[in-house]
Amino acid sequence: MKFHRITPHQGRVYQVLLSYFGNKGCFPSHSTLAVESGVSERTVRNALREARMRGWITWTNKRIGRRQTSNLYQITVSSTYVNEVLNGLRQLKRKSAEISHFFRRQNLPGSPYFYIKKASQKIWNGLEQPSDGLTPWQRLFRDNPEAAMNQYLTSYRTQ
C-alpha cells in the first residue's frame, strides 16, 4: 500500500486531535474535530482512518449497551517523535512568518511561497523518522500482508 502526502485538511485534523491528548488519551467527537479544524465530519473520519492505517493512532469504541458513547484515541508513535513533529511545525510557522515579513518589508516582486516551501523541506528532511522508519501497520504489512489487508478492510467497513 502506498501512502500519499498528508493534505492540509488532514493536518488540521491531526493538529486538533493532538491538542486534546493527555496522559490517558483523548475522546473528542467527530463533530468537535470537524468544527475546530474547519472541515466536514467525513474528512475527519477519512483522516482518522488514514492515521490508523499509518499506525499513528488507535482507538477503541466506548459503549453503553448497544449505543456508542465515544471513541478513546491513543497515539502509537513515540512521544519524542510527536514532540519533534510539533517542534518542526513551530519552526516552519516561525520561518514562514520571517520570510513573508521580509518580502513585505523589502517590497520584493513575486511570491515568498517558493522560499517557504524550501524552508519546510529543509525542516522536514531534518526530522528523524520513527526507529526503523516504519509505522506499526507498515511493519505488519511487511511481515504479514494478508493480516494487514484484513485489518484495513475491517477498519474501512466500520467507518
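Please refer to the structure higher up on the page.
Residues numbered from 1 in each chain as written. Predicted model: local features only at pLDDT ≥ 70, side-chain atom pairs only at ≥ 80, totals over all residues. Heavy atoms only, no water.

**Some thoughts on the packing of helix α1 (residues 8-20) against helix α3 (residues 41-54)**
Phase 1: Contact geometry of α1 with α3 gives a least axis separation of 9 Å together with a crossing angle of 80°. The angle between the axes of α1 and α3 places the two elements in the roughly perpendicular class. For the pair α1 and α3, contact is made by His9, Gln10, Val13, Tyr14 and Leu17 and by Thr43, Val44, Ala47, Leu48, Glu50 and Ala51, respectively.
Phase 2: Partitioning the contact of α1 with α3 into residue classes produces seven nonpolar, three polar and one charged. (Axes fitted to C-alpha atoms, helices over the stretch in contact; angles between N-to-C directions. Helix = DSSP H or I, 4+ residues; strand = E, 2+ residues; numbered from the N terminus. Parallel < 35°, antiparallel > 145°, perpendicular 65-115°, else oblique. Contact = heavy atoms within 4.5 Å. Nonpolar A, V, L, I, M, F, W, Y, C, P; charged D, E, K, R; others polar.)

**Regarding the side chain of histidine 30**
Phase 1: Position of histidine 30 among the secondary structure elements: in helix α2 (residues 30-37).
Phase 2: Only 3.3 Å separates the side chain of histidine 30 from the side chain of tyrosine 73, close enough to count as a polar contact.
Phase 3: Aside from chain neighbours lying at most four places away, what touches histidine 30 is Glu41, Val44, Arg45, Leu48, Asn71 and Tyr73. (Polar contact = N/O pair within 3.5 Å; in protein donor to acceptor, adjacent residues only side chain to side chain.)

**Observations concerning the nonpolar core**
Phase 1: Leu17, Leu33, Val44, Leu48, Ile57 and Tyr73 are the most contacted members of the largest nonpolar core, which totals 15 residues.
Phase 2: Not counting the four nearest positions on each side in its chain, leucine 17 is found in contact with Cys26, Pro28, Leu33, Leu48, Ile57 and Tyr73. (Core = buried A, V, L, I, M, F, W, Y, C linked by side-chain atoms within 4.5 Å. Buried < 20%, exposed > 50% of the residue type's maximum accessible area, 1.4 Å probe, protein only.)

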